[in-house]
Amino acid sequence: MFDFSIVTQWFDGLLRNTLGLGDFWSILIECVVVGVIILTAYALLAIALIFMERKVCAYFQCRLGPMRVGPWGIFQVFADVVKMLIKEIFFVDKADKFLYAVAPLLVIIASVGTFSFLPWNKGAGILDFNVGVFLITAISSIGVLGVFLAGWGSNNKYSVVSAMRAAVQMISYEMSLCLCLITAVILIGSMQVSTIVDYQTGPWSWLIVKGHIPAIIAFIVFLIAGNAEANRGPFDMAEAESELTAGHHTEYSGMGFGFFYLAEFLNLFIISGIATTIFLGGWAPLNIGVEVFDNVMNYIPGFVWFLGKAFAVVWLLMWVKWTFPRLRIDQILKLEWKYLMPLSLINLVLMTVVVALGLYIK
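Residues numbered from 1 in each chain as written. Predicted model: local features only at pLDDT ≥ 70, side-chain atom pairs only at ≥ 80, totals over all residues. Heavy atoms only, no water.

Colleague: I'd like to hear about the pattern of salt bridges, residue by residue, with values.
Modeller: Within the structure shown, the criterion is met by seven salt bridges. In this structure, arginine 16 engages aspartate 23 in a salt bridge whose closest nitrogen and oxygen atoms are separated by 2.4 Å. According to the relative accessible area criterion, arginine 16 is partly exposed, its value standing at 27%. In this structure, the salt-bridge partner of aspartate 330 is arginine 328, at a minimum N-O distance of 3.0 Å. Given the relative accessible area of 40%, aspartate 330 is considered partly exposed. (Salt bridge = Lys/Arg side-chain N within 4 Å of Asp/Glu carboxyl O. Buried < 20%, exposed > 50% of the residue type's maximum accessible area, 1.4 Å probe, protein only.)

Structure, rendered in structure tokens:
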């Protein structure tokens, strides 16, 4: 498995030793390069996910989806991006201009910040703190504030109703998300993302295998709660088009709306990426203890493993969206507080017992 830290150390040595730059300029250039890489990956993944969403939706509805712009419709998303970039950005009369303007920024900052914690390959983690799991949950919660301020600042009754629904839904399901992550942390013994992935390298070492029943339960609950956290179907009552038009971003145009649109799709990938990292081994290959098979799996680059697992989870969540009917807001909250929350608490105790008695796969 290729260690990407070789490349980062070479680039750091190039700036410091070959070019003779000091600490300040070396760190500044490295931060700029990393920032450009993050934003580029963010934009490219958004384009891929939008196209994938349209094709998956068409497949489940026995349609073809976009077909006219480019071969198989692959340039349709680029045409939509150009249209969104040139659309006029306007401010609503009697809206709170400050809240109206800052809400999309909070949503996109929370999305990009959480996106930066995903480990793409061995040695390619961008943010890797010893309390990484805690920071992931803390930064992602900023998005709730952005959604609520968007509805409140728009001074639109439909947007306010949508924002209230979205806020109460996202705050509620964060509880189950955090409990599932804590369940995994109890087994691993660390909140650092790189340590979590390293723990899952080796034969039959993915968390859903090592932690067996409690880990599988946590994984399933995490996917359900993550789908609700991203405000995607069947948990998209906050953006119910038939009664609330476009939800909390009804009054936004141009890139103001574009930020919400991008964040929604990337939050889907982020949820899938976190599930992949915590429960499916991240960039770690599938090893089963057979030398020939494991050697072949180890030749596949880590980022291919990570993207393959993440997009498999994305496809699963898209399947759920286009299969199940939309839930009412009371049903959404009932599912969380009466079923998922108690199940997560019981599962947390179960994982604690499994670890204390050493019943997990070592």
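Here the narrative resumes.
Colleague: Explain the side chain of glutamate 30 to me, using residue names and the numbers behind them.
Modeller: The residue glutamate 30 is located in helix H2 (residues 23–60) in this model. Comment: no salt bridge for buried glutamate 30; closest opposite-charge side chain is arginine 16, at 4.7 Å. Those residues in contact with glutamate 30 that lie beyond four places of it in its chain are Phe11, Asp12 and Leu15. (Helix = DSSP H or I, 4+ residues; strand = E, 2+ residues; numbered from the N terminus. Lys, Arg positive; Asp, Glu negative; His and termini not counted. Contact = heavy atoms within 4.5 Å.)

Colleague: I'd love a proper account of helix H6 (residues 142–154), names of residues and values included.
Modeller: Between the first and last C-alpha of H6 there are 19 Å, a value that for 13 residues agrees with the 18 Å anticipated at 1.5 Å per step. Among the residues making up H6, those that are buried are Gly143, Val144, Gly146, Val147, Leu149, Ala150, Gly151, Gly153 and Ser154. Among the residues trailing H6, asparagine 155 stands out with phi positive, at a value near 60°. (Expected span 1.5 Å × (residues − 1).)

Colleague: Could you give an account of the packing of aromatic side chains, naming the residues involved and the relevant values?
Modeller: Scanning the model with the defined rule gives 22 aromatic pairs in all. On the basis of an interplanar angle of 75° and a centroid distance of 5.2 Å, the ring pair of tyrosine 261 and phenylalanine 265 is categorised as edge-to-face. In this pair, tyrosine 261 and phenylalanine 265 both sit in helix H12 (residues 254–279), four residues apart, roughly one turn of the helix. Residue tyrosine 261 is classed as partly exposed on the basis of its relative accessible area, which comes to 24%. Judged by relative accessible area, which is 5%, phenylalanine 265 ranks as buried. Three or more aromatic residues joined by ring pairs form one cluster here, namely Tyr42, Phe115, Trp120, Phe269, Phe306 and Phe311. Over the ring of tryptophan 72 we find lysine 55, and its NZ or CZ is 4.2 Å from the ring centre. (Phe/Tyr/Trp six-rings, centres within 6.5 Å; stacked < 30°, edge-to-face > 60°. Lys NZ or Arg CZ within 6 Å of the ring centre and 35° of its normal.)

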